[in-house]
Amino acid sequence: MTTTEQIARDAVRRILGDTAHADVTTFPGGNLSISVHSGDHTATIDGDDSSGWGWTVDPGTDDGFTGHEDVAETLDDALIGVRGEIGA
């Protein structure tokens with residue numbers, strides 16, 4: 001199954017709760033970029049089902065895009081990692 005915008009939004013709600021808000025962008029190649037806002041935290045998750053999902057919590061505004069230090073095989077695993085860092 002390919003992760004769609006709706007599947008991503010549902011996963012955010014299921015794993016991070018109803019107060020988390022997700023902005024999801026789908027790129028022509030099928031990759032997703034997900035910005036999650038929960039309380040005072042922001043997380044960025046990028047990837048797709050074939051290459052994996054990278055995430056960063058509270059990225060610095062001057063960091064630019066340098067890639068993600070944390071990577072998971074599935075979107076659910078990435079969201080669980082985000083939850084562990086923000087305490088949702």
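Residues numbered from 1 in each chain as written. Predicted model: local features only at pLDDT ≥ 70, side-chain atom pairs only at ≥ 80, totals over all residues. Heavy atoms only, no water.

Draft legend 1. Geometry of the overall build of the protein chain. Each helix and strand in the protein chain was counted, giving two helices and five strands. Tracing the protein chain from N to C terminus, the helices and strands come up as α-β-β-β-β-β-α. For a compact globule of 88 residues, the expected C-alpha radius of gyration is about 12 Å, and the protein chain comes in at 12 Å, within 12% of that figure. Taken along the three principal axes of its C-alpha coordinates, the protein chain extends 30 × 30 × 20 Å. Looking at the protein chain as a whole, 38% of its 88 residues are labelled buried. (Helix = DSSP H or I, 4+ residues; strand = E, 2+ residues; numbered from the N terminus. Rg over C-alpha atoms; globule rule 2.2 N^0.38 Å. Buried < 20%, exposed > 50% of the residue type's maximum accessible area, 1.4 Å probe, protein only.)

Draft legend 2. Region of the structure containing helix α2 (residues 75–86). Taking 1.5 Å per residue as the helical rise, α2 with its twelve residues ought to reach 16 Å, and the 16 Å between its terminal C-alpha atoms agrees with that figure. Structurally, α2 contributes buried residues whose contacts are with α1 (5–16), β2 (32–38), β3 (41–48), β4 (52–57) and β5 (70–72). Among the residues trailing α2, G87 stands out with phi positive, at a value near 70°. (Expected span 1.5 Å × (residues − 1). Contact = heavy atoms within 4.5 Å.)

Draft legend 3. Structural view of the side chain of T44. Along the polypeptide, T44 turns up in strand β3. Ignoring sequence-local partners within four residues, the contact set of T44 consists of I34, G54, W55, T56, P59 and H68.

Draft legend 4. Focus on the pattern of salt bridges. Counted according to the given criterion, the structure contains three salt bridges. With a closest N to O distance of 3.5 Å, E5 and R9 form a salt bridge. Linking E5 with R9, this pair stays in helix α1, spanning four residues, or about one helical turn. Accessibility expressed as a relative area gives 32% for E5, which makes it partly exposed. Its salt-bridge partner being R14, residue D76 comes within 3.1 Å of it at the nearest N-O pair. Taken together, the residues span a long stretch of sequence, with D76 in helix α2 and R14 in helix α1 at a distance of 62 residues. (Salt bridge = Lys/Arg side-chain N within 4 Å of Asp/Glu carboxyl O.)

Draft legend 5. Fine view of the packing of α1 against α2. Here α1 crosses α2 at 40°, and the two axes come no closer than 10 Å. It follows that α1 is oblique to α2 by the angle criterion. As for the relative orientation of α1 and α2, their crossing is right-handed in sense. Listed contacts from α2 to A8, A11, V12, R14, I15 and L16 of α1 are L75, D76, L79, I80, V82, R83 and I86. When grouped by side-chain class, the residues that make up the contact of α1 with α2 number ten nonpolar, no polar and three charged. (Axes fitted to C-alpha atoms, helices over the stretch in contact; angles between N-to-C directions. Parallel < 35°, antiparallel > 145°, perpendicular 65-115°, else oblique. Left-handed = near helix turned anticlockwise from the far one by under 90°. Nonpolar A, V, L, I, M, F, W, Y, C, P; charged D, E, K, R; others polar.)

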